[in-house]
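Close look at the chain arrangement
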Amino acid sequence: MTNKITFQEIVGFIKSLYPNDNPIPLHAPRFLGREKEYLTKCIDTTFVSYVGQFVNDFEEHIKRLTGAKHAIAIVNGTCALKLLLIAAGVKPGDEIITQAISFVATAAAIKHAGAEPIFIDVEEETLGMSPDSLRFFLKKNAVIKNKILINKKTGNRIFAVIPMHTFGHPVRIDEIANICLEYNILLIEDAAESLGSYYKNKHTGTFGKAAILSFNGNKIVTTGGGGMVISDDQELIDRARHLSTTAKKKHPWEFYHDMVGYNYRLPNINAAIGCAQMEYIEKTLKNKKETAALYKSYFSQSKYIFIKEPEDSCSNYWLNGIIFKNKEERDEFLEFSNANGVQTRPVWKLIPFLPPYKSCYLEKIPVSKILESRIVNLPSSIRV
Ligand SMILES: *Cc1c(COP(=O)(O)O)cnc(C)c1O
C-alpha cells in the first residue's frame, strides 16, 4: 500500500510526466502540426480577417468530429453562448437554469443575454448538472401555461437549461434531455470543455437544441481565442450567423442591417490555427487519455480520489483532478505544489457566491459545496 504518498512524491511524479516543462503549467497550448504554415498562408494571401477558407474549413472539422449538422465559428466561447441565446429568442427577464459549478462564463453569458441564471446542484460522479436537482427544481417551481414554462414564484418564463461538461467529463445528458422534453424547455449545452468527449457514443453538445465550444488558449484545441455554436437547426444557425456578422443583408456594396447585430465572427488567422490543431485531434485525445491513465494508476492505491470519466461516457480528460478528504489538506497541497514548480488549481469558486450572482435564485447545492472545497486540478497539457 502506498497509502502515505507525500506531497513531495506527488510533485515528483508530475515532474516525471512533464520533464520538458519548468515550471509545469496547468494546461499549456501546444502547436504540433501545420499551425505556422497556415498562419503564413493567411498573411501571404491577405486573408487575415473575418472571411477566409480557414474559417469554413474549421467549421467543417468541428462538424465532422461532433456530428453536428451546422457550425458557426465565433470570437470566443462566452460570446458564442450569448449569441446563441439571443438567436434562440431569449427575452429580458427570462430565467435559465444552470449548475453552480462552472467557469463563470456560463453565467456571464446568461446575464449578457439579459436573462437571470438559476443555480442548481451537480452530481459527485460527473461534477456536472444533477438531473435529480433539475427535476426537483422544476417540480417545485415550474408550471406550463399556454405551452410556456413559467416559474410560479417569479412569474417569469424559464427559457432554457444549460448543463456544462466539467473538465470534459460528460453529464448524464440523456436524462437531462428527457426532463427538458417533458417540460418543453430548451436544452443548450455548454460544451466548452468537452470537445472530443462522448456520452453513449454521441458527442457532447449534440443532445439538445444547440451547444457552444471554446478554443481559448487553455482548451484542448486552441485558436488563441475562439468559440463555436453547433446545432442541427439550420434556421437557428442562420440567425446566429446573421447576428454575428453585424446583421448585414448580403449585397455586393449596400450596407443594410436589419437588426442590432454583433461583430463576433472568428477571424481567419485564428481559424487557421484551429484547422492545424484539428488535423491531429485524435493524437491529442489519445495523449490526454494516456496521461489520465497514468494519473489514475498512480493515485489508485492512495487516499486521493482520481476523477475518472463517468459511466457510459468517454471523456477527453481536458483537466485531470483529484479529490481530497478535506479542505485543509487540499489547501496545503495547493500551497506546496505551486511553491515547487507545479501549477495546480482548485475548482472555480461557486458562481452563486460571487458578487454579481449573489441575488440569483439558488437551489440547495450540498454536493457543489463539498466538491468546491476538495478538488484540485493537476497539470494536463499534451505530453511532448
Ligand atoms: C472556457 C469556457 C467558456 C468560454 O470561454 P471563452 O474563453 O470565452 O472561449 C465557457 N464555459 C466554460 C465552462 C468554459 O470552460
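As the structure is a computational prediction, the values presented were derived from the model and not from experiment.

The rules behind each value
Residues numbered from 1 in each chain as written. Predicted model: local features only at pLDDT ≥ 70, side-chain atom pairs only at ≥ 80, totals over all residues. Heavy atoms only, no water. Helix = DSSP H or I, 4+ residues; strand = E, 2+ residues; numbered from the N terminus. Buried < 20%, exposed > 50% of the residue type's maximum accessible area, 1.4 Å probe, protein only. Contact = heavy atoms within 4.5 Å. Pairing = 2+ DSSP bridges. Patch = residues over 30% accessible without salt bridge, like charges linked within 9 Å, V, L, I, M, F, W, Y side chains within 5 Å. Areas by Shrake-Rupley, 256 points an atom, 1.4 Å probe, with all protein chains shown as cover. Salt bridge = Lys/Arg side-chain N within 4 Å of Asp/Glu carboxyl O. Arc of directions from axis to C-beta. 1 Å grid on protein atoms, 1.4 Å probe; cavity = no way out; pocket = protein on both sides within 12 Å on 5 of 7 lines; lining within 4 Å. Points joined across faces, edges and corners; volume = space filled by probe spheres on them. Nonpolar A, V, L, I, M, F, W, Y, C, P; charged D, E, K, R; others polar.

**Observations regarding the environment of Leu134**
Tracing the backbone through its elements, the reader meets Leu134 in helix α6 (residues 131-141). Leu134 gets classed as buried once you look at its relative accessible area, which sits at 0%. A C-alpha to C-alpha distance of 9.3 Å links Leu134 and Cys180, two positions 46 residues apart in sequence. If we ignore the near neighbours within four places in the chain, the residues touching Leu134 are Ile97, Ile120, Met129, Val161, Ile176 and Ile179.

**With respect to the sheet that holds strand β13 (residues 313-314)**
The strand order β9-β8-β13 describes an open sheet built from three strands, whose pairing is antiparallel. The sheet is open, and its two edges are formed by β9 (202-203) and β13, each paired on a single side. With two bridges joining them, strand β8 (residues 198-199) and β13 adopt antiparallel strand pairing. Note on β13: the bridge partner recorded for Tyr198 is Cys314.

**Examining a nonpolar patch on the surface**
Residues Ile43, Val48 and Ile269 make up a contiguous nonpolar surface patch of roughly 240 Å² in combined accessible area. Structurally, Ile43 can be placed in helix α2 (residues 35-45).

**Describing α6**
Among all positions of α6, only Pro131, Ser133, Leu134, Phe137, Leu138 and Asn141 are buried. The buried residues of α6 occupy an angular sector of 165° when projected down its axis, which confines them to one face.

**Quick word on the layout of surface pockets**
Considering only enclosed or pocket space, the largest pocket measures out at about 530 Å³ in volume. Around the largest pocket, the lining comprises 15 residues; the ones closest to its centre are Arg241, Thr245, Lys248, Lys250 and Arg265. For the lining of the largest pocket, the secondary-structure elements that each account for two or more residues are α3 (53-66) and α8 (234-244). Split into classes, the residues belonging to the lining of the largest pocket amount to three nonpolar, six polar and six charged. Of the pockets and cavities examined, the second largest pocket occupies roughly 240 Å³. Together, Lys147, Ile148, Leu149, Arg157, Ile158, Phe159, Asn184, Ile185, Leu186, Leu187, Gly208 and Lys209 line the second largest pocket. Elements with a contribution of two residues or more to the lining of the second largest pocket: β5 (148-151), β6 (158-162) and β7 (186-190). Considering only residue class, the lining of the second largest pocket consists of seven nonpolar, two polar and three charged.

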